[in-house]
Amino acid sequence: VQLQASGGGVVKTGGSLRLSCTASSSRTFSSYVMSWFRQAPGKEREFVAGMIGTGAWTDYAYFVKDRFTIFRDNVQSTADLQMNSLKPEDAAVYYCAAGPVLGRSVSDYHYWGQGTLVTVSS
């Protein structure tokens, strides 16, 4: 599975962005957990949000709960991350990932997108 992330950019504090991840394989997309991670300079990659294949269960990191929402469309093979009320500390490269289980570890995921940069100006 190849993943392509897009939608990053520069936004002011309090603004919104929607990231999108498109998968190359439509036949198996619904069998994968889709998640978003982020990595700020000098920091480890961290889990942001994830959703199981059916969309029936989601998980969010505490620092984005009630601000970010993950969506998926199994027909279009996409997984989006709607980010609202952005803060300077949300600035990072955001990665989408696909794997068999909804985990919060990098090692839980087999496939990764190339990353898209989010910059939040104060």
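In case you missed it, the structure is sitting above this.
Let me begin by describing the structure that accompanies this report. Not measured: the values here are computed from a predicted model.

About the cut-offs
Residues numbered from 1 in each chain as written. Predicted model: local features only at pLDDT ≥ 70, side-chain atom pairs only at ≥ 80, totals over all residues. Heavy atoms only, no water. Buried < 20%, exposed > 50% of the residue type's maximum accessible area, 1.4 Å probe, protein only. Helix = DSSP H or I, 4+ residues; strand = E, 2+ residues; numbered from the N terminus. Pairing = 2+ DSSP bridges. Disulfide = S-S within 2.5 Å.

**Here's the deal with the pairing of strand 8 (residues 78–83)**
Successive residues of a regular strand alternate their side chains across the two faces of the sheet.
Point 1. Counting buried positions along strand 8 gives six out of six residues, so the element sits mostly inside the fold.
Point 2. Taken together, the six bridges between strand 3 (residues 17–23) and strand 8 define a ladder with antiparallel strand orientation. Note on strand 8: the bridge partner recorded for T22 is T78.
Point 3. Note that strand 7 (residues 68–73) and strand 8 share six bridges and pair antiparallel. In the sheet register, D73 faces strand 8, and the bridge partner there is T78.

**Notes on the state of the cysteines**
Point 1. Following the criterion strictly, the structure yields one disulfide and no others.
Point 2. Linked covalently through their sulfurs, C21 and C96 form a disulfide whose S-S length is 2.2 Å. Its S-S torsion of about 65° marks the bond between C21 and C96 as right-handed, since a negative value means left-handed. Remark: C96 occurs in strand 9 (residues 92–99) and C21 occurs in strand 3; sequence separation between them is 75 residues. Per residue, the accessibility class of C21 equals that of C96, and both read buried.

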